[in-house]
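Summary of structural features
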Amino acid sequence: MSEDDLPVAERVSAVTFLDADRLAMRAGDPEPEPPSPAGSRRWIERMRYFLTVDPDGCLVAEDTGGITGFAISQNRGPLWYLATYGVLPGRQGRGIGRRLMDAALAHAGDRPGLFSATAHPGATRRYRLAGFTLHPQMRMVGRVDRSALPPVRGLREGAEGDLEWMDDLDRALRGAGHGPDHRHMLGSQRLVVSADRGRPGYVYIDDGAGRPTLLAAADSETARLLLWEALASAREETLVNCITTPNHWAVDAALTARLHLDQEGFLAVRGMDPPAPYLASGHFL
Ligand SMILES: CC(C)(COP(=O)(O)OP(=O)(O)OC[C@H]1O[C@@H](n2cnc3c(N)ncnc32)[C@H](O)[C@@H]1OP(=O)(O)O)[C@@H](O)C(=O)NCCC(=O)NCCS
């Protein structure tokens, strides 16, 4: 993929995931919607960022009609992650996804890796055949009951000066720091960290939706406090996702806030266990 591909690749992604969301719809779910113009701009910005950090991991498939699919993966030191992957609905099931995945895995080499996977039948089949272990993910949804949230102490706003110890914590939990991804997230999201360096932890909060997008901690008590802080800023309906079974502390913390338990997709890993206490970012893992 090159910078010039970004506008068309974004459209291919939008069409692909709208179709996948419709396929995954359960009774009572709201009708899936295409990305907003702001969402499309964010997608392009994120892909432009991936192109600057690890361009060899950014791949598109094309035929004479143009781009038919994409696989965007990134190496961060000794760790590989898949940020997004899709093939146009009309072109699925013909081996394009397999060739994209083979190329992405060639980029990974023998690095351990992880990503958050949809339950799309083509995706789960592809991932398992590629050797990944699929861990079911839970998510907590609903409206936070602020009166049920316990008082939270011992946290402070995070800043650039925190990134070094945050990378150390990442290495302990997932084998590699987020490195440049931290700086990228810090540019657009609120960062809250534990004030006690003896019990490190951090959470990024999407201020618009007030939802935690990436959380890491050395212990589950610190993780719980960070999650409550994120939930305290939630407006309207909120969502805590990417909860694997070793992270039941997140289920308990969100139950306290009167969110309810649901299921969505898988955390796919190879060469590593699902990190904990940890809530992966869907984009930066
Ligand atoms: C996942 C995805 C990229 C795979 O691309 P693809 O071109 O369909 O992949 P392939 O044809 O190489 O392989 C898919 C496998 O699943 C099967 N498959 C594909 N779509 C299927 C469907 N809807 N139902 C059942 N099986 C399906 C294919 O037959 C193939 O199996 P085979 O190689 O043994 O024949 C594509 O299906 C997709 O874009 N899905 C929607 C978006 C999504 O969920 N992306 C993953 C985000 S984590």
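Just above, that's the structure.
So, a few notes on the structure that sits alongside this text.

What counts, and where the lines are drawn
- Residues numbered from 1 in each chain as written.
- Predicted model: local features only at pLDDT ≥ 70, side-chain atom pairs only at ≥ 80, totals over all residues.
- Heavy atoms only, no water.
- Buried < 20%, exposed > 50% of the residue type's maximum accessible area, 1.4 Å probe, protein only.
- Helix = DSSP H or I, 4+ residues; strand = E, 2+ residues; numbered from the N terminus.
- Pairing = 2+ DSSP bridges.
- Contact = heavy atoms within 4.5 Å.
- Axes fitted to C-alpha atoms, helices over the stretch in contact; angles between N-to-C directions.
- Near = heavy atom within 4 Å.
- Polar contact = N/O pair within 3.5 Å; in protein donor to acceptor, adjacent residues only side chain to side chain.
- Areas by Shrake-Rupley, 256 points an atom, 1.4 Å probe, with all protein chains shown as cover.
- Nonpolar A, V, L, I, M, F, W, Y, C, P; charged D, E, K, R; others polar.

Next up on the list: the pairing of strand E3 (residues 79-87). Of all 9 residues that make up E3, 9 are buried, and the element is covered over most of its length. Sheet analysis places strand E2 (residues 66-76) next to E3, joined by 8 bridges and oriented antiparallel. Of the residues in E3, the one forming a bridge with phenylalanine 70 is glycine 86. From the end of E2 to the start of E3, which pair antiparallel, there are 2 residues, and glycine 77 there has a positive phi angle of about 60°. When E3 meets strand E4 (residues 113-117), the two strands line up parallel, connected through 2 bridges.

We now examine the sheet that holds strand E6 (residues 155-157). Taken together, the 5 strands give an open sheet; going across it, the order is E6-E7-E8-E9-E12, and neighbouring strands pair in antiparallel fashion. The sheet is open, and its two borders are formed by E6 and strand E12 (278-279), each paired with just one other strand. Running over the sheet, helix H5 (residues 163-174) touches strand E7 (190-194), strand E8 (201-206), strand E9 (211-217) and E12 and is turned about 105° from E8.

Glancing now at the site of the ligand. Of all residues adjacent to the ligand, which total 23 residues, the nearest are Val87, Arg98, Thr118, Arg125 and Arg126. In the model, an oxygen atom of the ligand is placed 3.2 Å from a nitrogen or oxygen of the arginine 94 main chain. Interatomic distance of 2.8 Å between a backbone N/O atom of arginine 98 and an oxygen atom of the ligand. Taking 910 Å² as the accessible area of the ligand by itself, protein coverage stands at 78%. For the shell around the ligand, the element with the most residues is helix H4 (residues 121-129), which contributes 6 residues. Of the residues belonging to the shell around the ligand, the class tally is 9 nonpolar, 10 polar and 4 charged.

Once that is clear, we can look at the environment of aspartate 262. Following the sequence through the fold, aspartate 262 ends up in strand E11 (residues 260-270). Looking at aspartate 262, the relative accessible area reads 22%, which means it is partly exposed. Through-space distance from the C-alpha of aspartate 262 to that of arginine 139 is 5.2 Å; in sequence the pair is 123 residues apart. Setting aside residues no more than four positions away along its own chain, aspartate 262 makes contact with Arg26, Met138, Arg139 and Val141.

Let us look at the sheet that holds strand E5 (residues 133-143). Reading across the sheet, the 7 strands line up as E1-E2-E3-E4-E11-E5-E10 and stay open at both edges, with mixed pairing between neighbours. Every other strand in the sheet has two partners, leaving strand E1 (58-63) and strand E10 (237-243) as the edge strands with one partner each. On average, each strand axis in the sheet is inclined to that of its neighbour by 25°, with strand direction left out of account. On top of the sheet, helix H8 (residues 248-256) reaches E5, E10 and E11; it is set at about 10° to E5, its chief contact.

Treat this as a map of the structure, not an account of what it does.
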